[in-house]
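# An overview of the molecular structure
Each chain is listed here by its residues.
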Amino acid sequence: MSVRVSDMRTTSRDFQRDFARMKARARSGEAIHISSGSEEFVFQVVKPRTWRGALRGKGKIKGDLFSTGVEWEASR
């Protein structure tokens, strides 16, 4: 079962006045369409990018991740 949240339309003036409420609605998954004159903007939450998705297919790791290939010894 999925919940479909409808998009909301508002003016830039109302958006600025009720920013906290608009931010809460966007957090719940709703896209807010803001009209200002002849322009229209969309306010919504963006999923953060992960390293796993950003680096997928970009390169391969060869060898040991924790080894630099240089022999070393700790001294006091």
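Keep in mind that what you see is a predicted model, and the values were worked out from it rather than measured. (Residues numbered from 1 in each chain as written. Predicted model: local features only at pLDDT ≥ 70, side-chain atom pairs only at ≥ 80, totals over all residues. Heavy atoms only, no water.)

Per the secondary structure count, the protein includes 3 helices and 3 strands. Traced from its N-terminal end to its C-terminal end, the protein shows the element sequence β-α-α-β-β-α. Expressed as a percentage of its 76 residues, the buried residues of the protein come to 13%. For the protein, contacts bridging at least 24 residues in sequence account for 26% of all contacts bridging at least 6. Entry remark: accessible area of the protein is about 7,600 Å², with carbon and sulfur atoms responsible for 52%. (Helix = DSSP H or I, 4+ residues; strand = E, 2+ residues; numbered from the N terminus. Buried < 20%, exposed > 50% of the residue type's maximum accessible area, 1.4 Å probe, protein only. Contact = heavy atoms within 4.5 Å. Areas by Shrake-Rupley, 256 points an atom, 1.4 Å probe, with all protein chains shown as cover.)

In this structure, serine 35 sits in strand β2 (residues 32-36). It is 9.4 Å that separates the C-alpha atoms of serine 35 and phenylalanine 15, two residues lying 20 residues apart in sequence. Leave out the neighbours within four places in its chain, and serine 35 touches Thr10, Thr11, Ser12 and Glu40.

Function-wise, these values are silent; they only describe arrangement.
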